[in-house]
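# Tertiary structure, described
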Amino acid sequence: MARRDGLLTHDLNPNEKGPQDACGVFGVWAPGEQVAKLTYFGLYALQHRGQESAGIAASDGGRMVVYKDMGLVSQVFTEDILETLTGHIAVGHCRYSTTGTSRWENAQPTFRTTAQGHIALAHNGNLVNTKELDDSLEAEPARRSGRPRPTTDTEVLTRLLAAHPDLSIEAAAVKVLPNVKGAFSLVFMDEGTLYAARDPQGIRPLVLGKLEHGWVVASETAALDIVGAAFIREIEPGELIAIDESGLRTQRFAEAAPKHCLFEYVYLARPDTVLAGKSVHAVRVAVGRRLAKEHPVDADLVIPVPESGTPAAVGYAQGSGIPFAQGLVKNAYVGRTFIQPSQTLRQLGIRLKLNPLREVIAGKKLVVVDDSIVRGNTQRAIVRMLREAGAAEVHVRISSPPVQWPCFYGIDFATRAELIATGLGVEEIRKSIDADSLGYVSQEGLIECTQVATELLCKACFDGEYPIELPASDLIGKHILDGIAKTVEADAEVHQALRLP
Ligand code: SF4
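Residues numbered from 1 in each chain as written. Predicted model: local features only at pLDDT ≥ 70, side-chain atom pairs only at ≥ 80, totals over all residues. Heavy atoms only, no water.

## Digging into the overall build of the protein chain
For the record, the criterion: Comment: elements are numbered from the N terminus, with helices defined as DSSP H or I runs of at least four residues and strands as E runs of at least two. Categorising residues by exposure relies on relative accessible area from a 1.4 Å probe, with only protein chains included: less than 20% of the type maximum marks a residue as buried, more than 50% marks it as exposed, and the intermediate range marks it as partly exposed. The protein chains shown are the only cover counted for residues, whose accessible areas, like all others here, come from Shrake-Rupley with a 1.4 Å probe.
Scanning the protein chain from N- to C-terminus turns up 18 helices and 24 strands. When the 501 residues of the protein chain are sorted by exposure, 60% land in the buried category. Surface accessibility of the protein chain: about 18600 Å² in total, with carbon and sulfur atoms responsible for 53%.

## What to know about the site of the ligand
Applied cut-off: Only a single heavy atom is needed: when it lies within 4 Å of a molecule or strand, its residue is near that molecule or strand. Only Asp, Glu, Lys and Arg are considered charged, only Ala, Val, Leu, Ile, Met, Phe, Trp, Tyr, Cys and Pro nonpolar, and every remaining residue, Gly among them, polar.
Lining the immediate environment of the ligand, one finds 13 residues, of which R204, C261, C407, C458 and C461 sit closest. Here the residues of the shell around the ligand sort into 11 nonpolar, no polar and two charged.

## As for the pattern of salt bridges
To keep it simple, the criterion reads: Any Lys or Arg side-chain nitrogen found within 4 Å of a carboxyl oxygen on Asp or Glu counts as a salt bridge.
Per the stated rule, a full pass over the model turns up 20 salt bridges. Taking the shortest distance from any N to any O, the salt bridge between K37 and E79 comes out at 2.4 Å. Here the residue K37 occupies a position in helix α1 (residues 35–45), and E79 occupies one in helix α3 (residues 79–84), the gap between them amounting to 42 residues. For E79, a relative accessible area of 48% corresponds to the partly exposed category. Ionic pairing is found between D272 and R270, a salt bridge with its closest N-O pair at 2.7 Å.

## What about helix α15 (residues 426–433)?
Rules: This arc corresponds to the set of directions leading from the helix axis out to the C-beta atoms. By the convention used here, residues are in contact when the closest approach between their heavy atoms is within 4.5 Å.
Regarding α15, the residues found buried are I429, R430 and I433. Projected down its long axis, α15 carries its buried residues within an arc of 105 degrees, all on one side. Buried residues in α15 make contact with α14 (377–388), β22 (393–398) and β23 (437–440). Within two residues after α15, D434 carries a phi angle of roughly 65 degrees, on the positive side.

## Here's the deal with the sheet that holds strand β8 (residues 182–189)
This is how the line gets drawn: Any two strands with at least two DSSP-identified bridges between them are counted as paired. Note on geometry: axes are C-alpha line fits, over the in-contact stretch for helices, and angles between N-to-C directions span 0 to 180 degrees.
The strand order across the open sheet built from six strands is β6-β7-β8-β9-β13-β14, with neighbouring strands paired in antiparallel fashion. Where the open sheet ends on each side, the last strands, each with one partner, are β6 (110–113) and β14 (247–252). The sheet shows a mean angle of 20 degrees between the axes of neighbouring strands, taken without regard to direction. Taken strand by strand, helix α6 (residues 153–162) contacts β6, β7 (118–127) and β8, and its axis lies near 135 degrees from that of β7. With respect to the sheet, helix α7 (residues 169–176) is in contact with β7, β8, β9 (194–198), β13 (239–244) and β14, its orientation differing from that of β13 by roughly 175 degrees.

## Focus: unusual backbone geometry
Cis geometry is adopted by the peptide bond preceding P109, which originates at Q108 and carries an omega value of 10 degrees. Structurally, P109 can be placed in the loop between β5 (89–95) and β6. The peptide bond linking P306 to E307 adopts the cis configuration, its omega dihedral lying at -5 degrees. Position of E307 relative to the elements: it lies in the loop between β18 (301–304) and α11 (310–320). Residue A276 is not a glycine yet carries a positive backbone phi of 50 degrees.

## Focus: the confidence of the model for the protein chain
Going by this rule: Known as pLDDT, the predictor's per-residue confidence is scaled from 0 to 100.
Mean pLDDT over the protein chain: 86, with 83% of residues reaching 70 or higher. Per-residue pLDDT stays below 50 along residues 1–21; that stretch engages in 86 contacts with residues further than four places along the chain or on separate chains. Ignoring residues within four places in sequence, the model shows residues 336–341, a span with pLDDT below 50, making 23 contacts including any to other chains.

## Details of the sheet that holds β22
On the basis of which strands lie adjacent, the open sheet formed by four strands has the order β18-β21-β22-β23 and parallel pairing. Single-partner strands in this sheet number two, and they are β18 and β23. On average, each strand axis in the sheet is tilted by 20 degrees relative to the strand beside it, whichever way the strands run. Its contacts with the sheet put α11 on β18, β21 (365–370) and β22, and the angle it makes with β18 is roughly 165 degrees. Contacts between α15 and the sheet are confined to β22 and β23, with β23 contributing the most and set at about 130 degrees to the helix.

## Focus: the packing of aromatic side chains
What counts, and what does not: For this analysis, a ring pair means two rings from Phe, Tyr or Trp (six-membered ring only for Trp) whose centres lie within 6.5 Å, classed as stacked if their planes differ by under 30 degrees, edge-to-face if by over 60, and tilted for the remaining angles. Both a distance and an angle decide whether a charge sits over a ring: NZ of Lys or CZ of Arg must be within 6 Å of the ring centre and within 35 degrees of the ring normal.
Evaluated as defined, the whole model comprises 10 aromatic pairs. A centroid spacing of 5.0 Å and a plane angle of 20 degrees characterise the contact between F188 and Y195, whose relative ring orientation is stacked. Linked through ring pairs, Y40, F41, Y44, Y67 and F77 together constitute an aromatic cluster. One cation-aromatic arrangement involves K68 over W104; the distance from NZ or CZ to the ring centre is 5.1 Å. The side chain of K210 reaches across the aromatic face of W215, ending 4.7 Å from its centre.

## Some words on a nonpolar patch on the surface
Defined as follows: Nonpolar side chains (Val, Leu, Ile, Met, Phe, Trp, Tyr) are joined into patches within 5 Å and like charges within 9 Å, using only residues with over 30% relative accessible area and no salt bridge.
On the surface, F41, Y44 and I226 cluster together to form a nonpolar patch covering roughly 290 Å² of accessible area. Note on placement: F41 falls in helix α1. Owing to a relative accessible area of 40%, F41 belongs among the partly exposed residues under this scheme.

## Quick look at the packing of helix α10 (residues 280–294) against α11
When two helices pack together, their arrangement is given by the angle between the helix axes and by the axis-to-axis distance. Test applied: An angle below 35 degrees is treated as roughly parallel, one above 145 as roughly antiparallel, one from 65 to 115 as roughly perpendicular, and anything else as oblique. Left-handed is the label given to a crossing in which the near helix is rotated counterclockwise from the far helix by less than a right angle, and right-handed is the label when the rotation is clockwise.
Interhelical geometry of α10 versus α11 gives an angle of 45 degrees and a closest axis separation of 6 Å. It follows that α10 is oblique to α11 by the angle criterion. The way α10 lies across α11 gives a crossing that is right-handed. Across the interface between the two elements, H281, R284, V285, G288, R289, L291 and A292 from α10 touch P311, A312, G315, Y316, Q318, G319 and S320 from α11. Considered class by class, the residues forming the contact of α10 with α11 number six nonpolar, six polar and two charged.

## Concerning α6
Residues that lie three or four places apart on an α-helix share one face, since the helix turns once every 3.6 residues. With 10 of 10 residues buried, α6 lies mostly within the body of the structure. Elements that come into contact with the buried residues of α6 comprise β6, β7, α4 (130–135), α7 and β8.

## What to know about the nonpolar core
As a reminder, the rule being used: We define the nonpolar core as a collection of buried residues of types Ala, Val, Leu, Ile, Met, Phe, Trp, Tyr and Cys that are connected through side-chain atoms lying within 4.5 Å of one another.
With 49 residues, the main nonpolar core has F263, V302, Y316, V369, Y409 and F413 as its most contacted residues. Here this core takes six residues from α10, the largest share from any one element. Excluding residues that lie within four positions of it along the chain, V369 makes contacts with L291, V302, I303, P304, V305, G309, A312, A313, Y316 and R397. Core analysis: the second largest hydrophobic core is formed by 31 residues, A30, V35, A54 and L82 among them.

Set out below in structure tokens:
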């Protein structure tokens, strides 16, 4: 059974591992609308960003209720539950955590009691100074009374916003957010106001939309479309907005220093989302054309690894003149493979997810287009599957450069030790996945296709240049709040060990 969180406090177990998120957030302020249902459908459109838990907070101006549970949005909410989430303000969240900390207490929106009422908060991103922020909570009355410590960066942030009895939530946000480092696209609320804020680098997307009688904030424009909201603009990096009966007001809590996530274009965002004024689908098709130019090959068919490889495969077919075909059928109800929590499940996930169309593939020289290679397990399994289905040759083309570095800003690919491109060259990866040839699009080619200036992008997972300074290695990591800091150096050491003959 799901637990109603309306007036509950969180009992967090400090021994649990801290999660990293790549989530979807949604908020709505709309008197006269069924805001919980709008939020449900907004989250439904953002389900690809997080599939482990979902939650909605709603307020009627006097009473705030939060409902959250493990599972997909459609599994967590029923018509009856949504009916109980009444009011004119709501925020919602769908979550993807890693390393096994997928549990109810870490689901969002987070909820805290404040001096004036309550706060509910939904976060997409990952903070890099979580330990420092957590330490600054030492004076918190709840901490002094021995209550359990938070195990997520989002919970730390919520507690910080709630820890100013003399300030409104809006004033507390202006005070707290300049000290918060890392990636955060936030949607939060008190009983009467909807807030949204984006980190100064604008790492994760966050957009503002307008309903006939209200406002919507969402991770992606595709979520505006599904609720019939018109896109107004992106929330600016370093901007805080507040929406209540007085209208929408905006202020800066920090100077903008944009470093938008390049990987959103490759994989994370929906193809029907618009980022920085460009259709993600159009960018992916352009990358496929570029890939054909950079890595041509003599073949009979171009097939995508569905769904995220499809636009680039279309582009590759256009650029090369080789016919496009669907050679792999995806079970749409199985989650993305790199969100599976264990190696065993990941392997099973690949088998569950894709099935080859033998009559299309048999005897053909194939170009197989995928969006990225993380560990290499997916591509190895696909190549094997295609050969077993009778493919004469399998040429793998990847619409991103090699992923060589972990992300500390809200995506959990893997540790450095698990990333196949760390320490292995393209030819070694080709051998490892048993492809006849392998080609990645260049970083320069990918960036040109986004039409975003390179200095405005984060590309750290490709080149290791982190735009937001990372703290000392013992002050960052998935388990930092557990006191089990897993460090970059430690990962590198493990990696070296794994490469030993
Ligand atoms: S490291 Fe990669 S995935 Fe993470 S924010 Fe930067 S570009 Fe995006």
